[in-house]
Amino acid sequence: MANSIVSFCVISFDQMLQILKDFDGILGALLGVVVGIVLAEVLTHRRSKSRIKGLKELIIDELKALKYQIPQKKDLIMKMMEALKKHELLGGDSVRFLDTGYRQHYAEIYKSLTLKQKNCLHVVYGILENCDHTMFKFEAEIRSALKDKAINEPFSAYAGRLQDYHERLKTAEELIDSYLKGEPIDVFYVESPLDSERRFT
């Protein structure tokens with residue numbers, strides 16, 4: 001009887017050791033899974049930060065390229081205005097402003113930008129897009145106005161529109177410079193209401 005009790009206790013003890021070993025194995029496996037998930041999240045986060053940084057640098061490079069493109073467009077506008085003074089027409093269609101980086105990646109970097117950066121980029125690219133659109137249809141519009149006689153002094157009226165876009169391009173240059181310096185102008189006066197005498201829209 002005593003031997004049976006001892007045998008039972010020994011078997012029970014062995015079984016408990018096995019259970020503990022099994023539990024230790026399960027715990028180790030679970031710990032491995034958790035560590036793997038954490039490491040994967042860390043790597044994903046680092047890759048995401050690296051990608052966002054690269055895309056923001058791409059936008060910076062695009063703005064630098066626009067700094068060289070804008071003066072060419074301003075020069076064309078001046079030539080168009082000179083032609084209008086002589087009652088002549090010079091077409092405004094030319095190479096469109098570069099905006100590939102902004103159009104394709106702005107949504108991805110949006111959360112990483114400050115409010116002033118977002119607003120500044122929005123105004124810059126809005127000005128450039130509107131300018132391209134206006135210049136592209138300029139000749140057809142003024143020819144239609146001349147034919148229909150819908151506007152008094154169409155040459156003067158359209159020269160005034162071109163002058164307006166020439167000034168807007170100056171504004172775009174100023175905004176780009178501020179962005180590249182890391183000090184984007186508060187175009188919508190979110191943080192500087194006292195500066196509201198300056199108009200950027």
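Preceding this section is the structure that the text describes.
## Regarding the side chain of Glu-62
Mapped onto the secondary structure, Glu-62 falls in helix H1 (residues 2–85). Although buried, Glu-62 forms no salt bridge, and the nearest oppositely charged side chain, Arg-103, lies 7.6 Å from it. Engagement of the side chain of Glu-62 in a polar contact is seen with the backbone nitrogen of Thr-100, the distance being 3.2 Å. At 2.7 Å, the side chain of Glu-62 forms a polar contact with the backbone nitrogen of Gly-101. Each residue touching Glu-62, except ones within four places of it in the same chain, is listed here: Leu-98, Asp-99, Thr-100, Gly-101, Tyr-102 and Tyr-125.

## Some details on the nonpolar core
Leu-63, Ile-77, Leu-84, Leu-121, Leu-128 and Leu-169 are the most contacted members of the largest nonpolar core, which totals 40 residues. Taken together, the elements giving at least two residues each to this core come down to H1, helix H2 (100–109), helix H3 (115–148) and helix H4 (154–180). Here this core takes 12 residues from H3, the largest share from any one element. With sequence-adjacent residues up to four places away left out, Leu-84 is seen in contact with Leu-89, Phe-138, Ile-142, Phe-155, Tyr-158, Ala-159 and Leu-162.

## A look at H4
Because an α-helix completes one turn every 3.6 residues, residues spaced three or four positions apart along the sequence face the same direction. Given a rise of 1.5 Å per residue, 27 residues ought to cover 39 Å, and the 39 Å separating the end C-alpha atoms of H4 matches this to within 8%. Within two residues after H4, Gly-182 carries a phi angle of roughly 80°, on the positive side.

## Here we look at the pattern of salt bridges
A complete count under the given rule lists 12 salt bridges for this structure. A salt bridge links Glu-141 to Arg-161, with the nearest nitrogen and oxygen atoms 3.1 Å apart. Here Glu-141, found in helix H3, pairs with Arg-161, found in helix H4; they are 20 residues apart in sequence, far enough to count as distant. By relative accessible area, which is 24% here, Glu-141 ends up partly exposed. What makes Arg-161 partly exposed here is its relative accessible area of 33%.

Conventions and cut-offs
Residues numbered from 1 in each chain as written. Predicted model: local features only at pLDDT ≥ 70, side-chain atom pairs only at ≥ 80, totals over all residues. Heavy atoms only, no water. Helix = DSSP H or I, 4+ residues; strand = E, 2+ residues; numbered from the N terminus. Buried < 20%, exposed > 50% of the residue type's maximum accessible area, 1.4 Å probe, protein only. Lys, Arg positive; Asp, Glu negative; His and termini not counted. Salt bridge = Lys/Arg side-chain N within 4 Å of Asp/Glu carboxyl O. Polar contact = N/O pair within 3.5 Å; in protein donor to acceptor, adjacent residues only side chain to side chain. Contact = heavy atoms within 4.5 Å. Core = buried A, V, L, I, M, F, W, Y, C linked by side-chain atoms within 4.5 Å. Expected span 1.5 Å × (residues − 1).

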